[in-house]
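# Reading the structure
Each chain, written out:
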Amino acid sequence: MTDGATRKVAHVAEEYYDSDAADRFYATIWGGEDIHIGIYESPSEPIQRASRRTVERLAQVLSPEPGARILDLGAGYGGAARYLVDAYDCRVDCLNISEV
């Protein structure tokens, strides 16, 4: 991808994630905490629980030591970061394309 094409894609993504419509969508559908695909245990399970399970399972694989520093790229609302800080006593820096 050329630099111009990369900037265009980044601009479109930034506009989307900065929009009120995207914010309302993620707050309504995903609960505004963990905004990614979930690991479901049943077809009727709420998306919020399945999404949190994804965070928990990834954290188990990562298993950070207390005081570890983690960079969460595309952190969304920071749900995974807050979970890691609370459960593993580590430091998490979050980075998003969106200023919102």
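Look a little higher up for the structure.
This one's a predicted model, so the numbers in the text were calculated from it and none came from an experiment. (Residues numbered from 1 in each chain as written. Predicted model: local features only at pLDDT ≥ 70, side-chain atom pairs only at ≥ 80, totals over all residues. Heavy atoms only, no water.)

### A word on the layout of surface pockets
Reported here for the largest pocket is a volume of approximately 620 Å³. Residue lining of the largest pocket: 26 residues in total, with Ile35, Gly74, Ala75, Gly76 and Tyr77 positioned closest to the centre. Contributions of two or more residues to the lining of the largest pocket are made by helix H2 (20–29), helix H3 (47–62), strand E1 (69–73) and helix H4 (79–88). Of the residues forming the lining of the largest pocket, the biggest block, 4 residues, is contributed by H3. Taken together, the residues of the lining of the largest pocket break down into 16 nonpolar, 6 polar and 4 charged. (1 Å grid on protein atoms, 1.4 Å probe; cavity = no way out; pocket = protein on both sides within 12 Å on 5 of 7 lines; lining within 4 Å. Points joined across faces, edges and corners; volume = space filled by probe spheres on them. Helix = DSSP H or I, 4+ residues; strand = E, 2+ residues; numbered from the N terminus. Nonpolar A, V, L, I, M, F, W, Y, C, P; charged D, E, K, R; others polar.)

### Remarks on the packing of helix H1 (residues 3–18) against H2
Orientation of H1 relative to H2, taken along the N-to-C sense of each, is 60°, at an axis distance of 5 Å. Between H1 and H2, the angle falls in the class oblique. Note on element contacts: H2 touches H1 through Asp20, Ala22, Phe25 and Tyr26, opposite Tyr16, Tyr17 and Asp18. Across the contact of H1 with H2, the residue classes tally to 5 nonpolar, no polar and 2 charged. (Axes fitted to C-alpha atoms, helices over the stretch in contact; angles between N-to-C directions. Parallel < 35°, antiparallel > 145°, perpendicular 65-115°, else oblique. Contact = heavy atoms within 4.5 Å.)

### Points about the nonpolar core
Core analysis: the biggest nonpolar cluster contains 10 residues, these being Val55, Ala59, Ile70, Ala80, Ala81, Tyr83, Leu84, Tyr88, Cys90 and Val92. Secondary-structure elements contributing two or more residues to this core are H3 and H4. No other element matches H4, which puts 5 residues into this core. Beyond its immediate chain neighbours, meaning those up to four positions away, valine 55 contacts Asp34, His36, Ala80 and Tyr83. (Core = buried A, V, L, I, M, F, W, Y, C linked by side-chain atoms within 4.5 Å. Buried < 20%, exposed > 50% of the residue type's maximum accessible area, 1.4 Å probe, protein only.)

### Thoughts on the packing of aromatic side chains
Evaluation of the coordinates by the stated rule reveals 5 aromatic pairs. Geometrically, the ring pair formed by tyrosine 16 and tyrosine 17 is edge-to-face, given 4.8 Å between the ring centres and 75° between the ring planes. Relative accessible area serves as the criterion here: at 36%, tyrosine 17 is assigned to the partly exposed category. Both rings, one in tyrosine 17 and one in tyrosine 26, keep their centres 6.2 Å apart while their planes meet at 20°; by these two values the pair is stacked. Ring-pair connections join several aromatic residues into one group, and the members of that group are Tyr16, Tyr17, Phe25 and Tyr26. (Phe/Tyr/Trp six-rings, centres within 6.5 Å; stacked < 30°, edge-to-face > 60°.)

### Focus on the pairing of E1
Covered by surrounding structure in E1 are Ile70 and Asp72 only, the residues Arg69, Leu71 and Leu73 on the alternate face being uncovered. As defined by bridge partners, E1 adjoins strand E2 (residues 91–95) across 5 bridges and the pair is classed as parallel. Bridge pairing in E2 places leucine 71 opposite aspartate 93. (Pairing = 2+ DSSP bridges.)

### Some points on the state of the cysteines
Inspection of every chain in the model, using the stated rule, returns 0 disulfides. A disulfide-free cysteine, cysteine 90 has its sulfur positioned 11 Å from the sulfur of cysteine 94, the nearest such atom. On the basis of relative accessible area, cysteine 94 is assigned to the partly exposed category, the value being 41%. (Disulfide = S-S within 2.5 Å.)

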